[in-house]
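Below, each chain spelled out in residue letters.
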Amino acid sequence: MNDIIQKLKKAELTGRGGGAFPTGKKWEIVKKTKADKKYVVCNASEGEPGVGKDWYILDKYGGRVIDGMKIALDYLGADKAFLYLNPDYYFDFKEELEKIIGNAPIEIFRKPYQAGYVGGEESSALNALEHERIEPRLRPPFPTTSGLYARPTLINNVETFYDVSLIARDEYEKKRFITISGIAKHEKVFFLKEHWTIEIILKHTNNWPDFDFFVQVGGNASGQVLHSTQLKQPISGSGLITIYDMTKENPIDLIKTWVDFFMNESCGQCTPCREGTLRLHEILKQKNPNWKMFSSLLNTLHDTSFCGLGRAVPIPIRSYVNNVLSKKKKHNINISKEEHELIKAV
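Note that this is a predicted model, so its numbers are computed, not measured. (Residues numbered from 1 in each chain as written. Predicted model: local features only at pLDDT ≥ 70, side-chain atom pairs only at ≥ 80, totals over all residues. Heavy atoms only, no water.)

**Student:** Lay out the overall build of the protein chain with the relevant residues and their values.
**Tutor:** When helices and strands are counted, the protein chain shows 13 helices and 9 strands. Taking 20 Å as the expected radius of gyration for a compact globule of 346 residues, we find that the protein chain reaches 21 Å, a close match to that expectation. C-alpha atoms of the protein chain, sized along the principal axes, occupy 65 × 45 × 35 Å. Taking all 346 residues of the protein chain together, the buried fraction comes to 54%. Per element, the accessible surface of the protein chain, about 15700 Å² overall, is 48% carbon and sulfur. Between the averaged position of the 48 positive side-chain charges in the protein chain and that of its 43 negative side-chain charges there is a distance of 4 Å. (Helix = DSSP H or I, 4+ residues; strand = E, 2+ residues; numbered from the N terminus. Rg over C-alpha atoms; globule rule 2.2 N^0.38 Å. Buried < 20%, exposed > 50% of the residue type's maximum accessible area, 1.4 Å probe, protein only. Areas by Shrake-Rupley, 256 points an atom, 1.4 Å probe, with all protein chains shown as cover. Lys, Arg positive; Asp, Glu negative; His and termini not counted. Charge placed at Lys NZ, Arg CZ, Asp CG, Glu CD.)

**Student:** An account of the sheet that holds strand S4 (residues 153–157) is requested, with residue identities and associated values reported.
**Tutor:** One open sheet holds the 4 strands; their spatial order is S3-S2-S1-S4, and the pairing between them is parallel. Each of the sheet's edge strands pairs with one partner strand only, and the pair in question is strand S3 (106–110) and S4. If you compare each strand with its neighbour and ignore which way they point, the axes differ by 20° on average. Two strands pair when backbone bridges link them, and strand S1 (residues 39–44) and S4 are joined in this way by 5 bridges, in the parallel orientation. Its bridge partner being in S4, Tyr39 is matched across the sheet by Thr153. (Pairing = 2+ DSSP bridges. Axes fitted to C-alpha atoms, helices over the stretch in contact; angles between N-to-C directions.)

**Student:** Lay out the environment of Ser236 with the relevant residues and their values.
**Tutor:** If you trace the backbone, Ser236 turns up in the loop between strand S8 (224–227) and strand S9 (240–245). In sequence terms Ser236 and Thr197 are 39 residues apart; their C-alpha atoms lie 9.8 Å from each other. In contact with Ser236, other than residues within four places in its own chain, are Val217 and Gly218. (Contact = heavy atoms within 4.5 Å.)

**Student:** Can you break down the packing of helix H2 (residues 23–32) against helix H3 (residues 53–76) residue by residue, with the values?
**Tutor:** At a minimum axis separation of 10 Å, H2 and H3 run at an interaxial angle of 40°. Relative to H3, the element H2 lies oblique. Between H2, through Trp27, Val30 and Lys31, and H3, the contact on the second element is made entirely by Gly68, Ile71, Ala72, Tyr75 and Leu76. Class assignment for the residues of the contact of H2 with H3 results in 6 nonpolar, 1 polar and 1 charged. (Parallel < 35°, antiparallel > 145°, perpendicular 65-115°, else oblique. Nonpolar A, V, L, I, M, F, W, Y, C, P; charged D, E, K, R; others polar.)

**Student:** Could you give me a rundown of the state of the cysteines, with the residues and numbers involved?
**Tutor:** Inspection of every chain in the model, using the stated rule, returns 0 disulfides. Of all cysteine sulfurs in the structure, the one in Cys307 sits closest to Cys267, which takes part in no disulfide; the separation is 5.9 Å. Looking at Cys267, the relative accessible area reads 23%, which means it is partly exposed. No disulfide involves Cys273; its nearest neighbouring cysteine sulfur is the one of Cys270, lying 5.1 Å away. For Cys273, a relative accessible area of 6% gives the class buried. (Disulfide = S-S within 2.5 Å.)

**Student:** Mind laying out the sheet that holds strand S5 (residues 175–182), listing which residues take part and the relevant values?
**Tutor:** Strand order in the open sheet formed by 5 strands is S6-S5-S9-S7-S8, and the pairing between neighbours is mixed. Of all the strands in the sheet, the pair left with one neighbour each is strand S6 (189–193) and S8. Shown here is a sheet whose adjacent strand axes are inclined to one another by a mean of 30°, direction ignored. In this sheet, S9 lies alongside strand S7 (residues 213–217) in antiparallel orientation, the contact comprising 5 bridges. Paired with Phe214 across the strands is Tyr244, a residue of S9.

**Student:** So what's going on with the nonpolar core? Which residues, and what values?
**Tutor:** With 42 residues, the main nonpolar core has Ile4, Trp27, Val40, Leu58, Leu83, Leu85 and Phe161 as its most contacted residues. Apart from the residues within four sequence positions on either side, Ile4 is in contact with Trp27, Ile71, Tyr75, Val164 and Ala168. Among the nonpolar cores identified, the runner-up in size contains 36 residues, and Tyr244, Cys270, Tyr320 and Leu325 belong to it. (Core = buried A, V, L, I, M, F, W, Y, C linked by side-chain atoms within 4.5 Å.)

**Student:** Got a sec to walk through the packing of aromatic side chains? Specific residues and values, please.
**Tutor:** Scanning all chains against the criterion turns up 21 aromatic pairs. Judged by centre distance (6.5 Å) and plane angle (75°), the ring pair of Tyr117 and Phe262 falls under edge-to-face. Remark: Phe262 occurs in helix H8 (residues 251–265) and Tyr117 occurs in the loop between S3 and helix H5 (122–129); sequence separation between them is 145 residues. Note on Tyr162 and Phe177: the rings are 5.2 Å apart at their centroids and 70° apart in plane angle, and the pair reads as edge-to-face. You can see Tyr162 sitting in helix H6 (residues 158–168) and its partner Phe177 sitting in strand S5, a full 15 residues away along the chain. (Phe/Tyr/Trp six-rings, centres within 6.5 Å; stacked < 30°, edge-to-face > 60°.)

**Student:** Any details on helix H9 (residues 271–285)? Residues and values, ideally.
**Tutor:** Between its first and last C-alpha atoms H9 spans 21 Å; for 15 residues at 1.5 Å apiece the expected length is 21 Å, and the two agree. All buried positions along H9 are accounted for by Cys273, Gly276, Thr277, Leu280, His281, Ile283 and Leu284. For H9, the angular spread of buried residues about the axis comes to 160°, placing them on one side. The elements touched by buried residues of H9 are H8, helix H10 (291–304) and helix H11 (308–312). (Expected span 1.5 Å × (residues − 1). Arc of directions from axis to C-beta.)

**Student:** Would you mind going over the pairing of S4 in detail, with residue names and values included?
**Tutor:** In terms of burial, S4 is largely enclosed, as 5 of its 5 residues are buried. Of the two faces of S4, both are covered, the one formed by Thr153, Ile155 and Asn157 as well as the one formed by Leu154 and Asn156.

Printed below as a string of structure tokens:
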């Protein structure tokens, strides 16, 4: 497998966990970093609401994932690998995966239930593996040079290792797993061309709605919201498309869902995220919400949060307001006074 880097680069594979970092480049950095020990981690925490592709891959193609991990161990000369597994998936797949692993130096590690969403962030996962407080680390240094036990560590997503197995054996067809959920005719995981636009994906899978709709792409927490007229673009993030009915979705309730998720999942490490999400929650409970303050807090979260969780809070909210509510206003579609104020402020 000495030619695996060339194959990864030729395939232009990027990480499937949402970060989209070039896989070949990441492997190369770990390879070139000198150290007495190196590690490989498969991040199977899958904590983004709505996303189900990792479960699907482990259920259908667990052998491929383990094969990809073995290829990484061999290429890097790594001492050990860890499969950092969602606690629910642990009970579903542990026994079968252990049979596949055999004598390979791969340990299945159950992600702690209390780790939550932030426990899927790669440096938080490393802390969990070290039995330390589960919160993001200050970066740099990055895991590729100083990861598990301060050694160079390769961390890739389940789908990435699946793709590595295909690429190593010249079976890769530039496809990716797409989860379609929400008000969909066919709510499941599909394996489709990675360059297909959201519009093509929905039409090809017979999921194009016959009502006015919008979608959230990449995850039901941090994903970007797009109107049905904005779907001539490739899928992004962790490969989720959630369909919403424009006329039936209550805007404030939807925003509350996002805010409450982030508030409950904040690890509390940094003040902007810990206090900011709580204040957003409190504003939404008010009879007459202070939307200017709400917007100001979104800016603060984006600019000063320690990790991606806090910085992601504005993404669904602002994209929803700009791409959906503003469009409703433009076409004079039942905009309440509260929604009008929200559009004005955000």
